[in-house]
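The residues making up each chain are set out below.
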Amino acid sequence: MPGLPAPDPAGLPAPIWLLKFLSVFTLTLHLVAMNFLVGGTIAMAIMSRRGKTDAVAARVRDTLARALPVTMSLTITLGVAPLLFVQVIYGQAFYASSVLMAWPWLAIIVLLLLAYYGLYACQFRPEWLGKHLNAVAWVSALFILLVGFLFSNNWTLMLTPKNWHTLYENSISGLALNLAERSLVPRYLHFMIGGLAVAGLGMLLLGRSTTRKDAEAGERLTSLGRKWFLAATGVQILVGLWFLFALDAPVRRYFVGGNMIDSSVLGLGILLTLISMVAVRRWPWLAAILTGATVFLMVVVRHRLRQIVLTPLLRVNDLPVNAQWGLFAVFAVVLVVGLCVVLWMVLVFARAGRSTAAADQPEAS
Amino acid sequence: MNYPIWEVPFIGGGMLIALVAIPHVFVSHFAIGGGFYLALTERLARKTGDSVMLEFVRSHSRFFILLVLVFGAVTGVGIWWTIALVNPTATSTLIHVFVWIWAIEWVFFLIELLAAILYYYGWDRLEPSVHMTIGWIYAVAAWLSLLMINGILTFMLTSGRWPETQNVLHGFFNPGMLPSLLIRSAVCVALAGLYALITGTLVRDDEARGRIVRWSAKWVIAGIAVLPFLGAWYVATLPPMAREISMGGAPAVTLFAAGSILFSILVVGGTLIGPYLFPRQTHVTYAFILAALGLFATGSTEWVREAVRKPFIIYDYMYSNTIRVRDFNQYSMTGLLANARWEVPREDERKDPVKLGRRVFRAQCMACHTVNGFNGIRFAVKGWDREFLDHQLLYLNQLKGYMPPFLGTDEERAALVEYLLSLNEPADATPDEKEEGGQ
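One structure accompanies this document, and this report is about it. What you see is a predicted model; the values in this text were computed from it and never measured.

Rules used throughout
- Residues numbered from 1 in each chain as written.
- Chains lettered and ligands numbered in written order.
- Predicted model: local features only at pLDDT ≥ 70, side-chain atom pairs only at ≥ 80, totals over all residues.
- Heavy atoms only, no water.
- Helix = DSSP H or I, 4+ residues; strand = E, 2+ residues; numbered from the N terminus.
- Buried < 20%, exposed > 50% of the residue type's maximum accessible area, 1.4 Å probe, protein only.
- Contact = heavy atoms within 4.5 Å.
- Areas by Shrake-Rupley, 256 points an atom, 1.4 Å probe, with all protein chains shown as cover.
- 1 Å grid on protein atoms, 1.4 Å probe; cavity = no way out; pocket = protein on both sides within 12 Å on 5 of 7 lines; lining within 4 Å.
- Points joined across faces, edges and corners; volume = space filled by probe spheres on them.
- Salt bridge = Lys/Arg side-chain N within 4 Å of Asp/Glu carboxyl O.
- Expected span 1.5 Å × (residues − 1).
- Patch = residues over 30% accessible without salt bridge, like charges linked within 9 Å, V, L, I, M, F, W, Y side chains within 5 Å.
- Lys, Arg positive; Asp, Glu negative; His and termini not counted.
- Charge placed at Lys NZ, Arg CZ, Asp CG, Glu CD.

Observations concerning the overall build of chain B
Reasoning step 1: Scanning chain B from terminus to terminus reveals 21 helices and two strands.
Reasoning step 2: Across its three principal directions, the C-alpha atoms of chain B cover 80 × 40 × 40 Å.
Reasoning step 3: Counting all 439 residues of chain B, 59% fall into the buried class.
Reasoning step 4: When contacts within chain B are restricted to residue pairs at least 6 apart in sequence, those whose partners lie at least 24 apart make up 73%.
Reasoning step 5: Within the structure as shown, chain B displays about 17,700 Å² of accessible surface, and the carbon and sulfur contribution to it stands at 65%.

Let's talk about empty space enclosed by the protein
Reasoning step 1: Taken as a whole, this structure holds six cavities of 30 Å³ or more when the rule is applied.
Reasoning step 2: Here the largest cavity is characterised by a volume of approximately 600 Å³.
Reasoning step 3: What lines the largest cavity is a set of 31 residues, and nearest its centre among them are His30(A), Met34(A), Gly79(A), Phe151(A) and Trp155(A).
Reasoning step 4: Going through the elements one at a time, helix H1 (16-50), helix H2 (55-100), helix H5 (133-157), helix H7 (184-210) and helix H11 (284-310) of chain A together with helix H2 (51-86) of chain B are the ones with two or more residues in the lining of the largest cavity.
Reasoning step 5: Element by element, the count of residues in the lining of the largest cavity is highest for H2(A), at eight residues.

Considerations on the pattern of salt bridges
Residues and elements named next belong to chain B.
Reasoning step 1: The tally for this structure, following the rule as stated, stands at 29 salt bridges over all chains.
Reasoning step 2: Between Glu7 and Arg362 there is a salt bridge whose closest N-O contact spans 1.8 Å. A residue pair is termed long-range when its members are at least 10 positions apart, and Glu7 in the segment before helix H1 (12-47) and Arg362 in helix H16 (residues 353-364) qualify at 355 residues.
Reasoning step 3: On the basis of relative accessible area, Arg362 is assigned to the buried category, the value being 9%.

Comments concerning the side chain of Thr26(A)
Reasoning step 1: Structurally, Thr26(A) is set in helix H1.
Reasoning step 2: Taking the relative accessible area as the measure of exposure, Thr26(A) reaches 5% and is therefore buried.
Reasoning step 3: Not counting residues within four places of it along the chain, the set of residues in contact with Thr26(A) comprises Leu78(A), Ala81(A), Pro82(A), Phe85(A) and Trp106(B).

Focus on the side chain of Thr82(B)
Reasoning step 1: In this fold, Thr82(B) is placed in helix H2.
Reasoning step 2: Ignoring sequence-local partners within four residues, the contact set of Thr82(B) consists of Leu106(A), Leu16(B), Ile17(B) and Val20(B).

Examining helix H20 (residues 410-423) of chain B
Residues and elements named next belong to chain B.
Reasoning step 1: The first and last C-alpha atoms of H20 sit 20 Å apart over 14 residues, in line with the 20 Å expected at 1.5 Å per residue.
Reasoning step 2: With 10 of its 14 residues buried, H20 lies for the most part within the structure.
Reasoning step 3: Those residues of H20 not exposed but buried are Glu412, Arg413, Ala415, Leu416, Val417, Tyr419, Leu420, Leu421, Ser422 and Leu423.

Topic: a positive patch on the surface
Reasoning step 1: A contiguous patch of positive charge on the surface is contributed by Arg66(A), Arg212(A), Lys213(A), Arg351(A), Arg354(A) and Arg125(B).
Reasoning step 2: In this structure, Arg351(A) sits in helix H12 (residues 325-364).

Here's what the structure looks like:
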């Protein structure tokens, strides 16, 4: 049986802690956008059906439809960075598992493309789609859910090198999946239900900002979002436990008292979730901040899980480092300047929106 | 060798990359040139108080985001996906060596994306001056992302001093980087014009359509006019072997190189006699034909750029089959299969030269060859006998300059010979291969 592929002789371009931090941080950003995309698309699909007979639901649908293509753009773009860092740190495992499931993995690109155009069609051309609007929205939602499932397959497959050789020798080239993995289903559900919860919170905030222009639709969206957040988070706790118990016992032990830091990070994540469930009615922004922090902590847990499982074969902390500090400094400067430019653009856009809304006000009354 | 091999039936991995990359290149260059086109055309329309032209820029910007943000962005990720599946070892090198360049490019990409969205949604919302500024931010960020990716792309063909020094800056600022950047920038300008001809010819107002179509035609002509000079400069930076391959050394590549020039001439000629001289009469079908010719020109050029890199995937560092040049001696001494982590012969395969040879073929040849499909080896060795095959393999890189040397022991070479012979033997000889079908 072949071992893990050899590490890239170029070495790591920065100390491992920096790469891990960037990986975890950018993945958190990606997941927040991805969560809103998953839950928001499902909500939009549901509202498309209800909107046929319910004018308020139709306006809720429109509000979501306007937000989703942009969310898709952000999800993809913010996903590029963590994918870059996972290839740097865990390339030996990632490339191998990706090739084993090459066709399904490549299908992600096609599914994303179709789902993305579906979302734009729902936003720009609902009248063209007519009675098919509902179907298009559901197909987009389904494709997005399928993309998530394929991701879960690869992220678990890269953690099980012991199965690789059998899959490579016995399945048609590039058609393997990781369906035999015990933690696959709970892991996948854990991520998708997280999507419903975070999207609920996002809809709540979106609803509040919509209320100024359209009180009925805004209130509907707000209450729908709150319900989704509470229900999905409740289910999430159960699915999370299922996921935890689907892990091999020695791995699970790290998170249930075996390792103080790992257990504390997981425990703190759960605690913040519970607080945000209480806070959501009165202080939705606090709930949003706490949920953002929870996502970050859970990404840390996810990262630790990967490291713990792979460590006997791959000690990433021991990989040779060939630091490129000069270029890193250029990246840091470009990042800071870039974020300032982004901030400026978003601010002028938001300010212009307020002045447009203010100018519209007298006309409307 | 280090990673599993993905057998892509019929077309092979290289062709699959081309199928994803060529449409992406065609759209992504438009994404860059189109940014400048939007910014400059909006400025022109506002300066001259041309409301029809302004309305055109607005509708063009919707076409733009639907093509660029969706197709351009997703296929861009798609190329990354595909190269990592077809050639993980080379992808790993590009990622590890250039991680900060990729990261910088990602920042530009993020700015580009947000600017495009705000530009589109800001038509009614933003002050004209702010709107135009965001248009410029988009254009500059998009070009800067080209600056980054171009350095990595050209590194693969003109790796310059990097193989000796391993200094990332030597890799990025390689000999081909600047001419290629200028060529791609010119192509961006031409493609911006070509795409604008499609939306421009649909403007209803005759007079305005005339103005818009001629303005767009100028972009096509200006972009292509500088290409011969820049092209000559670029070719001068290529390694001698690459020049030789493109200019007669490998007939298929030479044909594509000629095709690239021919299609470019057709685009510029067609633009001159059509939209430039008769802007009002130009029909949208004509604009589509010009765009299709532009796609052929782009496709052939990219194909040639990939083909002339042989026998390397990263010049002077890694052969097309992902074996590093410096590992040559090790492989010759210890054998190929001893170093191929995934092609581990089973006991029965060790005793059967044909089966052992198939392992050698998968590990060493499949990066470029399929069995029966594109660049199919069965057809390539048809009619060759044992001695001839062995001679070809022994002197592979000398007889065929665009191929790497055969790496492995005498036993492995003999096994590969047996496998290749078996491909064209009568049907009863190799039942296994019948099952393999068009792979």
